[in-house]
Amino acid sequence: MEKHGDIVYVTSNYVPGYRAVETLGFVYGLTVRSRGLGGQIGAGLRSIVGGEIKEYVQMMEHSRQEALDRMMDHARELGANAVISVRFDSDSISDIMQEILAYGTAVIIEPEE
């Protein structure tokens with residue numbers, strides 16, 4: 001179980017120790033990123049010799065966090081205090097752009113008795 005400010009989020013279909021009393025709906029956060037020309041050249045040179053391409057790892061870490069933040073903002077707009085079944089999806093839009101999507105189900109939870 002993770003917390004993002006005032007909202008709990010989990011990858012499971014329920015929050016252990018809590019029960020969902022209301023389902024508010026699907027929430028998502030989306031971002032599209034591209035490396036700048038310098039990063040693309042550096043990554044291209046690094047790909048020649050092999051190994052991890054740190055420029056893209058860092059970009060994807062930032063993108064994932066931004067998508068998660070946007071999903072949580074969407075959940076707050078709906079009045080949720082939790083998001084269940086959180087998932088990430090990623091796709092290439094072109095050779096230089098990557099899309100990251102975070103999504104889940106916004107719910108209101110209460111502690112089990």
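Refer to the structure above for everything that follows.
A brief report on the enclosed structure follows. (Residues numbered from 1 in each chain as written. Predicted model: local features only at pLDDT ≥ 70, side-chain atom pairs only at ≥ 80, totals over all residues. Heavy atoms only, no water.)

## Brief notes about the overall build of the protein
Counted only if it meets this: Only DSSP runs of H or I with at least four residues qualify as helices, and only runs of E with at least two residues qualify as strands; both kinds are numbered from the N terminus onward. Partly exposed describes any residue whose relative accessible area lies between the buried limit of under 20% and the exposed limit of over 50%, with all areas from a 1.4 Å probe on protein chains only and scaled to the type maximum. What sets the accessible areas is the Shrake-Rupley method with a 1.4 Å probe; for residues, cover comes only from the shown protein chains.
For the protein, the count of helices and strands is two helices and five strands. Starting at the N terminus, the α and β elements of the protein follow one another as β-β-β-α-α-β-β. Considering the protein as a whole, with its 113 residues, one finds that 29% of them fall into the buried category. Just so you have it, the protein exposes about 7000 Å², and 50% of that area is on carbon and sulfur atoms.

## A word on the nonpolar core
Proteins that are soluble and globular tend to have nonpolar side chains buried together. Test applied: Working definition of a nonpolar core: buried Ala, Val, Leu, Ile, Met, Phe, Trp, Tyr and Cys residues. They are joined through side-chain atoms within 4.5 Å. Should any heavy atoms of two residues lie within 4.5 Å, those residues are counted as being in contact.
In terms of nonpolar packing, the biggest core is built from 14 residues, with Tyr9, Val27, Met71, Met72, Ala75 and Val83 touching the most fellow members. Elements with a contribution of two residues or more to this core: strand S2 (7–9), helix H2 (54–78), strand S4 (82–92) and strand S5 (97–111). Broken down by element, the residue count for this core peaks at five residues, all from H2. Once residues lying within four places of it in the same chain are set aside, the contact partners of Tyr9 are Met1, Glu2, Lys3, His4, Leu68, Met72, Val83 and Val86.

## Some words on the sheet that holds strand S1 (residues 2–4)
Hydrogen bonds between backbone atoms are what pair the strands of a sheet, whose relative direction is either parallel or antiparallel. Worth spelling out the cut-off: Strand pairing is defined by DSSP finding a minimum of two bridges between the two strands. To get an axis, fit a line to the C-alpha atoms, keeping to the stretch in contact for a helix; angles then go from 0 to 180 degrees between the N-to-C directions.
Strand order in the open sheet formed by five strands is S1-S2-S4-S5-S3, with mixed pairing between adjacent strands. The open sheet has two edge strands, S1 and strand S3 (18–34), and neither has a second partner. The sheet shows a mean angle of 30° between the axes of neighbouring strands, taken without regard to direction. Here S2 pairs with S4 via two bridges, running parallel. Paired with Val8 across the strands is Ala82, a residue of S4.

## Some remarks on the pairing of S4
Pairing of S4 with S5 involves nine bridges; the strand directions are antiparallel. Its bridge partner lying in S5, Phe88 is registered against Ala102.

## Quick word on the pattern of salt bridges
Quick note on the threshold: The salt bridge definition used is simple: a Lys or Arg side-chain nitrogen within 4 Å of an Asp or Glu carboxyl oxygen.
Taken as a whole and judged by the stated rule, the model has four salt bridges. One salt bridge in this structure joins Arg19 and Glu110, with 3.4 Å as the shortest N-O distance. Of the two residues, Arg19 is situated in strand S3 and Glu110 in strand S5; the sequence distance between them amounts to 91 residues. In this structure, Asp73 and Arg76 form a salt bridge, with 3.4 Å as the shortest nitrogen-oxygen distance. In this pair, Asp73 and Arg76 both sit in helix H2, three residues apart, roughly one turn of the helix. Among the residues examined, Arg76 registers a relative accessible area of 29% and is labelled partly exposed. The network of salt bridges with shared partners includes Asp6, Asp73 and Arg76.

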